[in-house]
Amino acid sequence: MKRTFWESCVRALWCVLVLSACGGPPASQPGTETRSSALGDAGPPIQYVYDESRRLVGVYDGAGASAQYVYDPGGNLLEIKRLSEAELGLFDFTPNAGPPGADVILTGVGFSPALVGNTVRFNGVDAIVSAASPQRLVVTIPANATTGPVSVTVDGATVPSHEDFIVTSPVLGPVITGFSPVGGPVDSVVTITGSNFDPDRLFNRVFLGDIQASVLTSSASQLEVKVSQLGATGAIRVSTPSGRATSSEDFLVLPVGAVPAMTDTRLQAEVGGASSAVSLADSTRKAVLSFSVRQGEQVSLVVTSVVLGGANQATLVVHDQMGGQVGNFSLAAAGGVFDIPMATRDTVYTLVVRLSGTTTGFNASFALVRAVRGMLEKDGVSATFTGQVGQNGIYEFSGMMGARLGLGVTSVSTTPAGGGAVIRLLKPDGTLLVDCSNFYVPGNCDVPVLPMTGTYSLTVNPSGTVTATVGLLLSTSLGDVLTVDGPAHTFSTARVGQDGFYTFSANANSNLTLLITGNNFGSNTLVRILRPDGTQLTSQTTGSATGYTVDFTPPTTGTYGITVDPYQASIGQMTLQLVEEASGSAGTVDGVETTVVLNAGQNGRYTFSGTMGARLGLGVTSVSTTPAGGSAVIKLLKPDGTLLVDCSNFYVPGNCDVPVLPMTGTYSLTVNPSGTVTATVGLLLSTSLGDVLTVDGPAHTFSTARVGQDGFYTFSANANSNLTLLITGNSFGSNTLVRILRPDGAQLTSQTTGSATGYTVDFTPPTTGTYGITVDPYQASIGQMTLQLVEEASGSAGTVDGVEKTVVLNAGQNGRYTFSGTMGARLGLGVTSVSTTPAGGSAVIKLLKPDGTLLVDCSNFYVPGNCDVPVLPMTGTYSLTVNPSGTVTATVGLLLSTSLGDVLTVDGPAHTFSTARVGQDGFYTFSANANSNLTLLITGNSFGSNTLVRILRPDGAQLTSQTTGSATGYTVNFTPPTTGTYGITVDPYQASIGQLSLGIKTAGAPSAPAQADVRK
């Protein structure tokens, strides 16, 4: 087929453009890529430029300079023009001829990269520039152009072409009448119908959206193309050498199941436009809405007026230009707002609506709302977001890597009231930097150090379907460089959300205090101290008080940080100052006191030498603060820096109980005043006083005039010996703690003395060994006390029914007296006499079983009396212990007697209980039938005080009782609940002696004469 010259030129140009689009030569292309026309963009930089006759027309050296080669009509080189980067030159245009509406590429130097910066004329008629770079322009031949030279004007300078451009007659361009299918996944084949397509497939360029598709076959009326792996949903565009055409509807890149069928609803929606009403007759149908979005645009889907018609729910799936899911939501009858992620490019999204379950008809209104966009100005005025229902906000600001910013939310209001707004900060790459959480009231967001330089985005997402107004305030963190022991710095802000960041240099293991004063923030403020790597070392949350201190020890040498983060929307000020602890000597042990003076917020560390095993006492001789009422915490550290003892908080003078020193070396006393007070504290170190005591040996006096000095005494003791520590002559003005320590140092027992002069401490050493006694005066008390160890006296308690045993005990001495007892025996114990020096003392008497456990505590005897002894539970040697009160000397008489008794018979003769032995009691038995009505007759009573008579059941439990007084006779009516042997006990009160008669009769029977009792 014979072609005209113009057709040959156009086809040659088309081949060049197609090859360029596919990434191939014929020649390097100049300029910076600037996309604009269907013919391609301005292209990458080149080194050489050739015209259509393959003649060299331009050379670039890569540094901006160039050379233009000019030829005559015969092809002879006329001249070479050397041009700088700033000079304007037109080397060539391609093609050399074409109809109005066709694109032409101009090559040269000095062009403006901005489209509007270039004016191109065809024989004096202005053309449209569609792409531009410093070395290349793409222009469209104007409709009324005529043959003639082409000129380019940039910044007032004009350069014409050396040859004329030939304007030819128009050629019919392509027309699109339809395509099938309407959608499908990547790699699908699409048939495009129409007219004026080029029969040669190489001369047809097809785009789906903005992505080129592969042309498989072509004819004048039909093209078959393959969807690219990159998509993309959008209008179909066909370009040929004769022109271009665009479809009226989008091709939808969707999974096969999401492509709309003939019975489905297909809508073209517009972001920010009118709502789209969707109706589906049944759940077999779906609705497909496509809509365009711009790069960086965030769109929300607002669904209202929902009628499910019995369906469970509707599923809303949003697909991107490649068919991938960017959103999957469940729609209930209440409707709602569904946020679609920010678009990463200019593209077309597709919404597919499906129903779950059966429905009698689905209806809903779908609106697409574009997020409000705005700018935040650092340290400027606040920006206010005001949105409509479902609308979010995106506010951008430029941030530098390493910058520290604070974000304040100055106001939050919603309609209806009670809603909130979620605020998030995104990095320039679109990933989350920080989720500032949900704001219902004004507050602030802690913004991390910016990790990169670029444009950051702050998103505002109101809850549900509320409309919201939110105030946003972006501020640079305030800060400065602090120096240890240098001047104070004040952090002061009236901007909500503004925080502070201060730095300081510190040496490893220095002991520092951050002093916070002048705080007037209305709510909590978090102050954090950061390590050189940015991690938190320690923190302090301030409240309503004006001053605080934060003690810390830098673990490494380096630059540390201090952050100040006011709570919520709080504004105010506080002053920060760094203070290093004072240091010095704590003085010498047993020397004079050391007085330390500490400034506001300052701690102190004072050292002394200690020897392993030494026992020391620490006295705090004085404590005064300004303002008054402060205190100081004192701690004692071992030479390795670990804690030996926390001496607690001192508001007034006192002392610290120092453990035995565990190692030899330099010990440290730390003094930490409370809050921001200045403090003066007196310290006094003393060696513990002490000696060796012997049991039953001489007394030793502990006497000290040094605050905090204590005592430590040792003694040897045998296992299971019964000892008493006698404390006399106590003159300490307040409590003194006396402890007895086991050989392993653990406490065995203790006694806190008060204002009395004497005390006793009874104890039994569990093992043989060397025991200790510590004396610890309370607080700042001084004085003296005498210590003596006494072992208990021992001997026989006498024989049962024998003569009384009189025991004499020295001051502080106890006694232990034994007798033999038989299991089942009934005994009485009489205390026939009690006298003490000084008078008024007493003695506690207890009866121990042969195994050493308690049988009965007979209580405390100030005067003669008796003890009710239970039936002896075993045969063996029993012990009576006598423990006089306090430090008295005591003389006590003991008398053991067998209980008197006999067998009574109902309606039989009476029996007389008669005793002249203090403490002797009686026990009588009788047999009785169940439910018989009996009376116990008590006659002839001569006891001078009360006597307790009890009737016991067969199991020994009390059935009833009678306490006799001064009367001579009594009756006790009772009914035995069971048949068996009952008992009667007679227990005279205290040291009473005398007699009474007992008889049992049936109701209505006469009394029998009395009969004397016998010993059993």
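Residues numbered from 1 in each chain as written. Predicted model: local features only at pLDDT ≥ 70, side-chain atom pairs only at ≥ 80, totals over all residues. Heavy atoms only, no water.

Chemist: Please clarify how the overall build of the protein chain should be interpreted in this entry.
Modeler: Assigned secondary structure in the protein chain consists of one helix and 86 strands. Here the C-alpha radius of gyration of the protein chain, 55 Å, is well above what a compact globule of 1016 residues would show, namely 31 Å. In terms of overall dimensions, the protein chain has a C-alpha envelope of 170 × 85 × 45 Å along the principal axes. Each charge class in the protein chain can be summarised by its mean position, and for the 48 positive and 68 negative side chains these summaries are 6 Å apart. (Helix = DSSP H or I, 4+ residues; strand = E, 2+ residues; numbered from the N terminus. Rg over C-alpha atoms; globule rule 2.2 N^0.38 Å. Lys, Arg positive; Asp, Glu negative; His and termini not counted. Charge placed at Lys NZ, Arg CZ, Asp CG, Glu CD.)

Chemist: In this structure, what is going on with the UniProt feature "domain: IPT/TIG" (unreviewed entry) in the protein chain? I would like to understand it.
Modeler: Look at the UniProt record and you will see "domain: IPT/TIG" (unreviewed entry) annotated at residues 93–164 and 174–240. From the first C-alpha to the last, residues 93–164 spans 10 Å; its make-up is 0% helix and 60% strand. Between the first and last C-alpha atoms of residues 174–240 the distance is 7 Å; the span itself is 0% helix and 58% strand. (UniProt positions renumbered as here; feature names shortened; annotations may be inferred.)

Chemist: Whenever I open this one, the nonpolar core confuses me. Can you help?
Modeler: The tendency in soluble globular proteins is for nonpolar side chains to be buried as a group. Membership of the largest hydrophobic core comes to 30 residues, with the highest contact counts inside it found for F291, V303, L316, L351, F362 and F366. For this core, the secondary structure elements donating two or more residues are strand 23 (276–280), strand 24 (287–293), strand 25 (299–307), strand 26 (313–319), strand 27 (325–331), strand 29 (347–356) and strand 30 (362–370). Beyond its immediate chain neighbours, meaning those up to four positions away, V303 contacts L316, L331, G335, G336, F338, A364, S365 and F366. (Core = buried A, V, L, I, M, F, W, Y, C linked by side-chain atoms within 4.5 Å. Buried < 20%, exposed > 50% of the residue type's maximum accessible area, 1.4 Å probe, protein only. Contact = heavy atoms within 4.5 Å.)

Chemist: Hey, could you run me through the packing of aromatic side chains in this one?
Modeler: Each aromatic ring pair is summarised here by two numbers: the centre-to-centre distance and the angle between the ring planes. Counted under the stated rule, the structure contains 19 aromatic pairs. Summarising the aromatic geometry, the rings of F93 and F165 are spaced 5.8 Å apart at their centres and angled 70° between planes, so their arrangement reads as edge-to-face. Here F93, found in strand 5 (residues 89–94), pairs with F165, found in strand 13 (residues 157–167); they are 72 residues apart in sequence, far enough to count as distant. An aromatic cluster of three or more residues is present, and its members are F93, F122 and F165. The ring of F712 carries the charged tip of R615 above its face, separated from the ring centre by 3.5 Å. Above the plane of the ring of F923 lies R826, whose end atom (NZ or CZ) is 3.6 Å from the centre. (Phe/Tyr/Trp six-rings, centres within 6.5 Å; stacked < 30°, edge-to-face > 60°. Lys NZ or Arg CZ within 6 Å of the ring centre and 35° of its normal.)

Chemist: Sorry, what's going on with the sheet that holds strand 65 (residues 783–791) here?
Modeler: Strand-to-strand pairing in sheets goes through backbone hydrogen bonds, with the strands running parallel or antiparallel. Spatial ordering of the open sheet is given by 58-65-60-63, a layout of four strands whose pairing is antiparallel. Edge strands, defined here as strands with exactly one partner in the open sheet, are strand 58 (700–704) and strand 63 (759–763). Going across the sheet, the axis of each strand differs from the next one's by a mean of 20°, ignoring polarity. (Pairing = 2+ DSSP bridges. Axes fitted to C-alpha atoms, helices over the stretch in contact; angles between N-to-C directions.)

Chemist: Honestly, the pairing of strand 27 in this entry has me stumped. Any pointers?
Modeler: Two faces, one strand: in a regular strand the side chains alternate between the faces of the sheet. Bridging between strand 26 and strand 27 involves six bridges; their strand directions are antiparallel. Following the sheet pairing, A314 is matched in strand 27 by L331. Hairpin remark: strand 26 followed by strand 27, antiparallel, with five residues in the connecting loop; positive phi at G323, about 90°.

Chemist: Help me understand empty space enclosed by the protein, please; the structure alone is not making it clear to me.
Modeler: One way to see where empty space is left: roll a probe the size of a water molecule over the atoms. Evaluation of the coordinates by the stated rule reveals three cavities of 30 Å³ or more. Taken as a whole, the largest cavity encloses approximately 40 Å³ of empty space. In this structure, the largest cavity is lined by N444, C445, D446, G497, Q498, D499, D565, P566 and S570. No other element matches the three residues that strand 37 (residues 443–446) contributes to the lining of the largest cavity. Here the lining of the largest cavity is built from residues that sort into two nonpolar, four polar and three charged. (1 Å grid on protein atoms, 1.4 Å probe; cavity = no way out; pocket = protein on both sides within 12 Å on 5 of 7 lines; lining within 4 Å. Points joined across faces, edges and corners; volume = space filled by probe spheres on them. Nonpolar A, V, L, I, M, F, W, Y, C, P; charged D, E, K, R; others polar.)

Chemist: What's the story with the sheet that holds strand 72 (residues 865–868) in this structure? I'm lost.
Modeler: The sheet built from four strands is open, its strands ordered 67-74-69-72 with antiparallel pairing. Two strands bound the open sheet, and with one partner strand each, they are strand 67 (805–809) and strand 72. Strand-to-strand twist of the sheet, defined as the mean angle between neighbouring strand axes without regard to direction, takes the value 25°. With four bridges joining them, strand 69 (residues 827–837) and strand 72 adopt antiparallel strand pairing. Within the sheet, the bridge partner assigned to L829 lies in strand 72 and is C867.

Chemist: Help me understand the state of the cysteines in this model?
Modeler: In a disulfide, the sulfur atoms of two cysteines are covalently bonded to one another. For the coordinates displayed, the defined rule picks out three disulfides. In this model, C647 is linked to C656 through a disulfide, with the two sulfur atoms separated by 2.0 Å. Judged by the sign of its S-S torsion, about -70°, the bond between C647 and C656 is left-handed. On the basis of relative accessibility, which here comes to 8%, the residue C647 falls in the buried class. Classification of C656 as buried rests on a relative accessible area of 3%. Across the protein chain, the disulfide pattern expressed with sequentially numbered bonded cysteines is 1-2, 3-4, 5-6. (Disulfide = S-S within 2.5 Å.)

Chemist: Explain the pattern of salt bridges here, please?
Modeler: Side chains that differ in sign of charge can pair as their charged atoms come close. Counted by the stated rule, this structure contains 14 salt bridges. The partner of R55 in a salt bridge is D51, and the shortest N-O contact between them spans 2.9 Å. Looking at R55, the relative accessible area reads 21%, which means it is partly exposed. The shortest N-O distance in the salt bridge between R816 and E792 comes to 2.5 Å. Separated by 24 residues along the polypeptide, R816 in strand 68 (residues 815–821) and E792 in the loop between strand 65 and strand 66 (793–796) bring together distant segments of the chain. Residues joined by salt bridges that share partners form a network here, namely D51, R55 and E163. (Salt bridge = Lys/Arg side-chain N within 4 Å of Asp/Glu carboxyl O.)

Chemist: I tried to follow the environment of V808 on my own but got confused; where do I start?
Modeler: Looking at where V808 falls in the secondary structure, it is placed in strand 67. According to the relative accessible area criterion, V808 is exposed, its value standing at 57%. With 84 residues separating them in the primary sequence, V808 and V892 have C-alpha atoms 6.7 Å apart. Here V808 is in contact with A890 and T891, once residues within four sequence places are set aside.

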